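Understanding the architecture of this molecule
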Amino acid sequence: MFRKVALVTGAAVGIGRAISHRLARDGIAIGVLDLKLAEAQTVADEIIAAGGEALALQANIADRAAVLPAVTALREAFGPVTILVNNAGITGFVPFLDMTDTQWDQMLEINLKGTFIVTQTLLPDMVANAWGRIVNISSSSAQSGAALMAHYSSSKGAMIALTKSLAVEFGPQGITVNTIPPRFVMNTAMSEESFKLPGMAERREPMRLAGPIQREGQPEDIAGACAWLVSEESGYVTGQIIGVNGGRYI
Ligand SMILES: NC(=O)c1ccc[n+]([C@@H]2O[C@H](COP(=O)([O-])OP(=O)(O)OC[C@H]3O[C@@H](n4cnc5c(N)ncnc54)[C@H](O)[C@@H]3O)[C@@H](O)[C@H]2O)c1
């Protein structure tokens, strides 16, 4: 078996940081990619201090010219990259009738086109090794819908469709592609910003109690599912939407 190397995007904070730590504990060398290099370096340093292998990388996932050298640096450090977690993303809250072309385009540019660019850059390593694992972090808003988030939920719904199409196209080559659509996951920059919106603080406790598992989601919940999806054991699972949401969709 060859050495396992993963690229985790948006890995400086929140869910991506938790995924990076969790996969590193399984012996996987991690490319910790983010716009924010200093924070990515901190995560890489933490992984190395815990006995793992990691390299901090800076790139905007929607900028092909920046992604390519980052991926090349990861390959040169650790070898072919056969695990990809497309986690980087942005959010936004705008009434649909006020949404501008610029807001729509930026959301799709990062969440969807960025995922396309990073995936297309890495897939040749997986094809060459006849083995690969891709996990796309989408959102339950694509399943339930979300007011003020039509651009965000559309981008995440398209990530689910992309997941299924790549699963079909690359399954015969030993590559699985699955998606985890989180609901609210606390202790991330994104969720902290969301709960500053008017009316959101009061909704926090009812939301916690609404599902069968009556607690808030944590980054480690997503990381645990992701660790299984990139493992050998999940090899017969592809094109799937793995809900990690306490049993609640709305
Ligand atoms: N937190 C939640 O409640 C929640 C719910 C559903 C889905 N998600 C999804 O999970 C993923 C992670 O969420 P989070 O809450 O940890 O977010 P976060 O905002 O805390 O972290 C996202 C990270 O991605 C990086 N990033 C953003 N745009 C980038 C780009 N263009 N190129 C490279 N890096 C970029 C940011 O710098 C940041 O470090 C996102 O895709 C998000 O849409 C989160």
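Anything mentioned here points back to the structure above.
The following paragraphs examine the structure supplied in this document. Small disclaimer: the values here were computed from a predicted structure and weren't measured. (Residues numbered from 1 in each chain as written. Predicted model: local features only at pLDDT ≥ 70, side-chain atom pairs only at ≥ 80, totals over all residues. Heavy atoms only, no water.)

**What to know about the overall build of the protein**
Rule in force here: Under the DSSP-based scheme used, a helix requires at least four consecutive residues in state H or I and a strand at least two consecutive residues in state E, with every element numbered from the N terminus. To get the radius of gyration, use the C-alpha atoms; to get the globule rule, take the number of residues to the power 0.38 and multiply by 2.2 Å. Relative accessibility decides the category of a residue: with a 1.4 Å probe and only protein chains considered, values under 20% of the type maximum give buried, values over 50% give exposed, and everything between is partly exposed. Throughout, a contact is declared for two residues whenever any of their heavy atoms are within 4.5 Å. All accessible-area figures derive from a Shrake-Rupley calculation using a 1.4 Å probe, and residue coverage is judged against the displayed protein chains alone. His is not counted, nor are the chain ends, whereas Lys and Arg count as positive and Asp and Glu as negative. Taken as the charge location is NZ of Lys, CZ of Arg, CG of Asp or CD of Glu.
Secondary structure assignment for the protein yields 9 helices and 6 strands. At 17 Å, the protein has a C-alpha radius of gyration in line with the 18 Å of a compact globule built from 250 residues. Overall, the C-alpha framework of the protein stretches about 50 × 35 × 35 Å when taken along its three principal axes. The proportion of buried residues among the 250 residues of the protein is 49%. Restricting the contact set of the protein to residue pairs at least 6 apart, pairs at least 24 apart contribute 72%. When the accessible surface of the protein is split by element, carbon and sulfur atoms take 57% of a total near 11,200 Å². Computed over 19 positive and 23 negative side-chain charges, the inter-centroid distance for the protein is 5 Å.

**Looking at helix α4 (residues 101-129)**
For the record, the criterion: Any helix carries an expected span of 1.5 Å times its number of residues minus one. Two axes are fitted around each residue, one to the seven residues ending there and one to the seven starting there, and the angle between them is reported as the bend at that residue.
Across its 29 residues, α4 extends 41 Å between first and last C-alpha, which sits within 8% of the 42 Å expected from 1.5 Å per residue. Approximately 35° is the largest bend angle found in α4, and it occurs at Glu109.

**As for the sheet that holds strand β6 (residues 175-180)**
Strand pairing in a sheet is mediated by backbone hydrogen bonds. Such pairs are either parallel or antiparallel. Rules: Two strands pair if DSSP finds at least two bridges between them. Between N-to-C directions, angles span 0 to 180 degrees; the directions come from axes that are lines fitted to C-alpha atoms, helices contributing only their stretch in contact.
Pairing in this open sheet of 6 strands is parallel, and the strands run β3-β2-β1-β4-β5-β6 from one edge to the other. Strands at the two margins of the open sheet, each flanked by one partner only, are β3 (54-58) and β6. Neighbour-to-neighbour, the strand axes of this sheet turn through a mean angle of 15°, independent of strand direction. Note that strand β2 (residues 29-34) and β3 share 5 bridges and pair parallel. Pairing of Asp34 across the sheet is with Gln58, part of β3. Each of β4 (83-86), β5 (132-137) and β6 is contacted by helix α9 (residues 219-229), which is oriented at about 165° to β6, the strand it contacts most.

**With respect to the pairing of β5**
Test applied: Whether a crossover is right-handed depends on one test, that the path from the first strand over the helix to the second runs clockwise when the strands point away from the viewer.
Counting buried residues in β5 gives 6 out of 6 residues, a clear majority hidden from the surface. Burial along β5 is two-sided: Gly132, Ile134 and Asn136 facing one way and Arg133, Val135 and Ile137 facing the other are all buried. In terms of strand pairing, β4 meets β5 through 4 bridges, oriented parallel. Pairing of Leu84 across the sheet is with Ile134, part of β5. Handedness of the crossover is the feature at issue here: the chain leaves β4, passes through α4, returns alongside β5, and the resulting connection is right-handed. Pairing of β5 with β6, which is carried by 6 bridges, proceeds in the parallel orientation. If you follow Gly132 over to β6, its bridge partner there is Ile175.

**A look at the packing of helix α3 (residues 64-78) against α4**
What counts here: Each crossing gets its handedness from the near helix: less than a right angle anticlockwise from the far helix is left-handed, clockwise is right-handed. Classification convention: Asp, Glu, Lys, Arg as charged; Ala, Val, Leu, Ile, Met, Phe, Trp, Tyr, Cys, Pro as nonpolar; all other residues, Gly among them, as polar.
At a closest axis distance of 10 Å, the pairing of α3 and α4 adopts a crossing angle of 35°. Note that α3 runs across α4; the crossing there is right-handed. Taking contact as the criterion, the partners of Arg64, Val67, Leu68, Val71 and Arg75 in α3 are, on α4, Phe116, Ile117, Val118, Gln120, Thr121, Leu122 and Asp125. Looking at the contact of α3 with α4 residue by residue, the class counts come to 7 nonpolar, 2 polar and 3 charged.

**Considering unusual backbone geometry**
Positive phi outside glycine occurs at Ala130, with the angle close to 50°. As for its position among the elements, Ala130 is in the loop between α4 and β5. Of note, the phi angle at Leu148 is positive, near 70°, even though the residue is not glycine. As for its placement among the helices and strands, Leu148 is situated in the loop between α5 (141-144) and α6 (150-170).

**Here's the deal with a nonpolar patch on the surface**
Condition: Two joining distances apply to patches: 9 Å for like charges and 5 Å for nonpolar side chains (Val, Leu, Ile, Met, Phe, Trp, Tyr), and every residue must have over 30% relative accessible area and no salt bridge. Salt-bridge detection follows one rule: a side-chain nitrogen of Lys or Arg within 4 Å of a carboxyl oxygen of Asp or Glu.
Where nonpolar side chains cluster on the molecular surface, the patch consists of Phe96, Leu97 and Trp104 and spans about 390 Å² of accessible area. By the secondary structure assignment, Leu97 is in the loop between β4 and α4.

Don't take any of this as a statement about function, it's just geometry.
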